[in-house]
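Observations on the three-dimensional arrangement
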Amino acid sequence: VAVGLALRFGVAAWRRWEADAYRRAALAECRTLRMAVSRDPDVARALPVLVKRTALAAFPRESVAGLTGAAWLAFLDATGRTHAFADGPGRALVPLAYDPRATLDRPATEALLDVVQRWITEHRPC
């Protein structure tokens, strides 16, 4: 019985680890972007793509692909159980995604990276 339980828990842990591969990859990309903030002022431009790609890996395409603007930020807030996108530094994702002139200074980029990293770590289905 003990061997059977250990095997069952081992398989469940392996499945969770495999299911979170997209999350580990996104967090690794966040770390890389964070290291580049001091050298490259346009690092923030990569964040909207990273968040959308992560959301597409975690949620059904039909629920994510068509979201833009306020609806996109509301989705991120709901799935991350936060208000940091609609009412905080995460608001910057929308102009960064659609306005080629949009830029962020270093503190704003770091704040946005914090919010994105927290969402990647903590998001769950609604």
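Shown above is the structure to which this text applies.
My aim in this report is to walk through the structure given alongside it, one point at a time. (Residues numbered from 1 in each chain as written. Predicted model: local features only at pLDDT ≥ 70, side-chain atom pairs only at ≥ 80, totals over all residues. Heavy atoms only, no water.)

**Focus on the packing of aromatic side chains**
Each aromatic ring pair is characterised by the separation of its centres together with the angle its planes make. Going by this rule: Working definition: rings of Phe, Tyr and Trp (its six-membered ring) pair if their centres are within 6.5 Å, and the pair is stacked with planes under 30 degrees apart, edge-to-face with planes over 60 apart, and tilted otherwise. Numbering of helices and strands starts at the N terminus; helices are DSSP runs of H or I of at least 4 residues and strands are runs of E of at least 2. Throughout this description, buried means an accessible area under 20% of the type-specific maximum (1.4 Å probe, protein chains only), exposed means over 50%, and partly exposed covers the range between. A ring is considered to have a charge above it if a Lys NZ or an Arg CZ atom is located within 6 Å of its centre and within 35 degrees of its normal.
The tally for this structure, following the rule as stated, stands at 3 aromatic pairs. Their ring planes at 80° and their centres at 5.1 Å tell us that Phe59 and Phe75 sit as a pair that is edge-to-face. One end of the pair, Phe59, is in the loop between α3 (47–58) and α4 (61–64); the other, Phe75, is in helix α5 (residues 69–80), with 16 residues separating them in the sequence. The two residues Phe59 and Phe75 agree in class, both being buried. One Lys or Arg, Arg24, reaches over the ring of Trp17 and ends 4.0 Å from the middle of that ring.

**Here's the deal with helix α7 (residues 106–122)**
In an α-helix, one full turn covers 3.6 residues, which means residues spaced three or four apart are oriented alike. Heads up, the rule is: In this scheme, a helix's expected span is set at 1.5 Å multiplied by one less than its residue total. Arc definition: it is the arc formed by the directions from the helix axis to the C-beta atoms. Note on definitions: a residue-residue contact is assigned when non-hydrogen atoms from the two residues lie within 4.5 Å.
Here α7 spans 24 Å end to end across 17 residues, near enough to the 24 Å set by a 1.5 Å rise per residue. Among all positions of α7, only Thr109, Leu112, Leu113, Val115, Val116, Trp119 and Ile120 are buried. The buried side chains of α7 occupy one side of the element, clustering within an arc of 165° when seen end-on. On its buried side, α7 packs onto α2 (21–36), α3, α5 and α6 (93–98).

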